[in-house]
Amino acid sequence: MTPSTPTKNTNAFFLQAGISFAVALLTMIFAIFYLPVDPWIRAFLGLGTMFLTTSSFTLAKCVRDAQEDSYVVSRIDQARVDRILSEHDPFKSVS
């Protein structure tokens, strides 16, 4: 019996998510450059945008990892690996 794999996102959904992220980020960068304010305000907004972008990637990774850990298949596979590692004796002679 083969374990069922979790459903994956389609390539079109992945492309749409990537394009929407790029458009949002580029729009924010464009708005910061053409905002009629002092340079220090632009720098502050730029740092805020950079921090928000990196935080978004970190949050997405944490959510993905939590979902992968909750799958029964991955927990069963991890239990199998743990059992194999616990039974392995590196000092046993091969004969």
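Here, residues in each chain are numbered from 1, in the same order as that chain's written sequence. Only residues with pLDDT of at least 70 are given local features in this predicted model, and only at 80 or more are side-chain atom pairs given and counted; all residues enter the totals for whole chains, interfaces and linings. Hydrogens and water are ignored here; the side-chain numbers use all heavy atoms of the structure.

1. A word on the overall build of the protein chain
Right, so step 1: What counts as a helix is a DSSP run of H or I of at least four residues, what counts as a strand is a run of E of at least two, and both are numbered from the N terminus. Secondary structure summary: the protein chain contains three helices and zero strands in total.
Right, so step 2: Along the protein chain, helices (α) and strands (β) appear in the sequence α-α-α when read from the amino end.
Right, so step 3: Exposure classes here rest on a 1.4 Å probe applied to the protein chains alone. A residue is buried below 20% of its type maximum, exposed above 50%, and partly exposed in between. Looking at the 95 residues of the protein chain, the share that counts as buried comes to 3%.
Right, so step 4: For the protein chain, the accessible surface area stands at approximately 8700 Å², while carbon and sulfur atoms represent 70% of it. The accessible surface values rely on the Shrake-Rupley method and a 1.4 Å probe; as for residues, cover is taken only from the protein chains in view.

2. Observations regarding the UniProt feature "transmembrane region" (unreviewed entry) in the protein chain
Right, so step 1: Here the UniProt-annotated "transmembrane region" (unreviewed entry) positions come out as residues 12-34 and 40-60.
Right, so step 2: Along residues 12-34 one finds 100% helix and 0% strand; the C-alpha atoms at either end are 33 Å apart.
Right, so step 3: End C-alpha atoms of residues 40-60 are separated by 30 Å, and the span's content is 100% helix alongside 0% strand. UniProt positions are given in the numbering used here, feature names are shortened, and annotations may be inferred rather than shown by experiment.

3. Considerations on a nonpolar patch on the surface
Right, so step 1: The patches described consist of residues with a relative accessible area above 30% and no salt bridge, like charges being joined within 9 Å and nonpolar side chains (Val, Leu, Ile, Met, Phe, Trp, Tyr) within 5 Å. Any Lys or Arg side-chain nitrogen located within 4 Å of an Asp or Glu carboxyl oxygen qualifies as a salt bridge. Among the surface-exposed residues, Leu26, Ile29, Phe30, Phe33 and Tyr34 lie close enough to one another that they form a single nonpolar patch of about 600 Å² accessible area.
Right, so step 2: Here Phe30 is to be found in helix α1 (residues 11-34).
Right, so step 3: Judged by its relative accessible area of 52%, Phe30 falls in the exposed class.

4. Details of the packing of aromatic side chains
Right, so step 1: Note on aromatic pairs: the rings of Phe, Tyr and Trp (six-membered ring only in Trp) are paired at centre separations within 6.5 Å, and the planes decide the class, stacked below 30 degrees, edge-to-face beyond 60, tilted for the rest. All told, the structure shown has two aromatic pairs when counted by the stated rule.
Right, so step 2: Arranged with centres 5.2 Å apart and planes meeting at 70°, the rings of Phe21 and Phe57 form a pair that is edge-to-face. Separated by 36 residues along the polypeptide, Phe21 in helix α1 and Phe57 in helix α2 (residues 39-70) bring together distant segments of the chain.
Right, so step 3: Of the residues examined, Phe21 reaches a relative accessible area of 34% and is grouped as partly exposed.
Right, so step 4: For the ring pair Phe30 and Tyr34, a centre distance of 4.6 Å and an interplane angle of 50° mean the geometry is tilted. On the criterion of helical spacing, the pair formed by Phe30 and Tyr34 is a turn pair, its members being four residues apart in helix α1. The two residues Phe30 and Tyr34 agree in class, both being exposed.

5. So, the pattern of salt bridges
Opposite charge on two side chains permits pairing when their charged atoms draw close.
Right, so step 1: Counted under the stated rule, the structure contains three salt bridges.
Right, so step 2: The salt bridge partner of Asp65 is Lys61, with a shortest N-O separation of 2.6 Å. In this pair, Asp65 and Lys61 are both assigned in helix α2, four residues apart and thus about one turn of the helix distant.
Right, so step 3: A relative accessible area of 22% places Asp65 in the partly exposed class.
Right, so step 4: Of the charged contacts, one joins Asp77 and Arg80 as a salt bridge, the two residues approaching to 3.6 Å between their closest N and O atoms. One end of the pair, Asp77, and the other, Arg80, are both in helix α3 (residues 72-87), three residues apart, so they sit about a helical turn from each other.
Right, so step 5: Using a relative accessible area of 34% as the deciding quantity, one classes Asp77 as partly exposed.

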